[in-house]
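One-letter residues, chain by chain:
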Amino acid sequence: MHSTTVFDEETCFQCRGEFPSLSRTIGAHPLAFLDGPGGTQVPQPVIDAIVDCYRNRNVNTHGNFQPSMELDTRMLEARCAVADLLGAQGPEQISFGQNMTTLAFSLSRAIGRTIRPGDEVLITQLDHEANRGPWQTLEERGAVVREVPLLPTGELDYAQMSNLINGKTRLLALGCSSNAIGTVNDLALARKLTRQAGALLILDAVHYAPHFPVDVEQLDPDFLLCSA
């Protein structure tokens, strides 16, 4: 288990000061960026690190020359930092890509090689396209795609989820929390049901990761996807 740090108001204000975009105003009004899944705002140390890389280490990786070796070190440091942020065992568990959607499509193509006609894939009506479209393409492999319905309360129908998962289910693609309405899903139940069925659990943490501490060891998904 990883400890959770609680920040006081002054610390939060100081952290906010690290983000140049949050200091902008339109007229007398400060800007509010509400579309987190469309791109998390970037703090100044990250901007500085990117500029430094372009200025001094814009080279191929794994080369036997100084800038390349420096770049390899920076990449390893980045993987270690993300592993620490997400509670992963180590940097070897971290994969970088263009964005969550691209990673999900790449993952679906890889998993698709194991799909046989009649295998079942479970998605939800609460998830956004990035965690639906990639898995719906598995119908081309003969998979049967089923959906967990959304209740009027804004929550998933977990009784239906339990009924839909069976011995033919190969994976459940589930958002940790909804991009649209913020509903936090029952991830422990999803893990229990998929374990019982021998199915993969693929979690979309794009909206969840900026708002909650993430511990992948505790969540225990087969794959967790989020935006940088």
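These lines cover the structure that appears in this document, whether it is placed above or below. Everything numeric here is computed off the predicted structure, so don't read it as measured data. (Residues numbered from 1 in each chain as written. Predicted model: local features only at pLDDT ≥ 70, side-chain atom pairs only at ≥ 80, totals over all residues. Heavy atoms only, no water.)

Per the secondary structure count, the protein includes 8 helices and 7 strands. The dimensions of the protein, computed from C-alpha atoms along their principal axes, are 50 × 50 × 35 Å. Within the protein, the fraction of its 228 residues that count as buried is 34%. Within the protein, contacts between residues separated by at least 24 positions form 57% of all contacts whose residues are at least 6 apart in sequence. Total accessible area computed for the protein in this model is approximately 13800 Å², and 54% of it derives from carbon and sulfur atoms. Averaging the locations of the 17 positively and 27 negatively charged side chains of the protein gives two centres separated by 9 Å. (Helix = DSSP H or I, 4+ residues; strand = E, 2+ residues; numbered from the N terminus. Buried < 20%, exposed > 50% of the residue type's maximum accessible area, 1.4 Å probe, protein only. Contact = heavy atoms within 4.5 Å. Areas by Shrake-Rupley, 256 points an atom, 1.4 Å probe, with all protein chains shown as cover. Lys, Arg positive; Asp, Glu negative; His and termini not counted. Charge placed at Lys NZ, Arg CZ, Asp CG, Glu CD.)

Here the structure, examined in full by the defined rule, presents 1 cavity of 30 Å³ or more. Of the voids in this model, the largest cavity is the one considered here, and its volume is about 40 Å³. As for the largest cavity, its lining consists of Leu 126, Asp 127, His 128, Gly 175, Ser 177, Ser 178, Asn 179, Asn 185 and Asp 204. Partitioned by chemical class, the residues of the lining of the largest cavity number 1 nonpolar, 6 polar and 2 charged. (1 Å grid on protein atoms, 1.4 Å probe; cavity = no way out; pocket = protein on both sides within 12 Å on 5 of 7 lines; lining within 4 Å. Points joined across faces, edges and corners; volume = space filled by probe spheres on them. Nonpolar A, V, L, I, M, F, W, Y, C, P; charged D, E, K, R; others polar.)

As summarised here, the arrangement of the 5 strands in space is β4-β3-β5-β6-β7, forming an open sheet in which the pairing is parallel. The sheet is open, and its two borders are formed by β4 (144–148) and β7 (223–225), each paired with just one other strand. Geometrically, the sheet is characterised by an average inter-axis angle of 20 degrees between neighbouring strands, direction not taken into account. Alignment of strand β3 (residues 120–124) against β4, held across 5 bridges, turns out to be parallel. Note on β4: the bridge partner recorded for Val 121 is Val 145. (Pairing = 2+ DSSP bridges. Axes fitted to C-alpha atoms, helices over the stretch in contact; angles between N-to-C directions.)

With respect to the element layout, Gly 17 can be found in the loop between α1 (9–16) and β1 (25–26). Gly 17 sits 26 residues away from Pro 43 along the chain, and the two C-alpha atoms are 8.4 Å apart.

Attention now goes to a nonpolar patch on the surface. A grouping of Val 42, Val 46, Ile 47, Ile 50, Val 51 and Tyr 54 is seen on the molecular surface, where their side chains present a nonpolar patch of about 490 Å² in accessible area. A residue is classified by how much of its surface remains accessible, and Ile 50, at 44% relative accessible area, is partly exposed. (Patch = residues over 30% accessible without salt bridge, like charges linked within 9 Å, V, L, I, M, F, W, Y side chains within 5 Å. Salt bridge = Lys/Arg side-chain N within 4 Å of Asp/Glu carboxyl O.)

Moving on: the nonpolar core. Note that soluble globular proteins tend to have their nonpolar side chains buried in a common cluster. Among the nonpolar cores identified, the biggest contains 27 residues, and Met 161, Leu 172, Leu 174, Leu 203 and Leu 224 are the most heavily contacted of them. Of all the secondary-structure elements, those providing two or more residues to this core are α3 (66–86), α6 (158–164), β5 (169–175), α7 (187–197), β6 (200–204) and α8 (216–219). Of the residues forming this core, the biggest block, 4 residues, is contributed by α7. Apart from residues lying up to four places away in sequence, Met 161 is in contact with Leu 122, Val 148, Leu 156, Leu 172, Leu 174 and Leu 193. Counting residues in each nonpolar core, the second largest holds 17 residues, with Leu 107, Ile 123, Val 145 and Leu 171 among its members. (Core = buried A, V, L, I, M, F, W, Y, C linked by side-chain atoms within 4.5 Å.)

A few words now on unusual backbone geometry. Only a minority of non-glycine residues have a phi that is not negative, and only a minority of peptide bonds are not trans. Positive phi, close to 60 degrees, is recorded for His 62, a residue that is not glycine. Relative to the helices and strands, His 62 resides in the loop between α2 (44–56) and α3.

All right, on to the side chain of Thr 169 then. Position of Thr 169 among the secondary structure elements: in strand β5. Accessibility expressed as a relative area gives 2% for Thr 169, which makes it buried. Within the structure, the side chain of Thr 169 is placed 2.9 Å from the backbone nitrogen of Asn 166, a separation counted as a polar contact. In this view, Thr 169 contacts Glu 120, Leu 164, Ala 197 and Ala 199; residues no more than four positions away in its chain are not counted. (Polar contact = N/O pair within 3.5 Å; in protein donor to acceptor, adjacent residues only side chain to side chain.)

Within the secondary structure layout, Ala 190 lies in helix α7. Setting aside residues up to four positions removed in sequence, Ala 190 forms contacts with Leu 172, Leu 174 and Leu 201.

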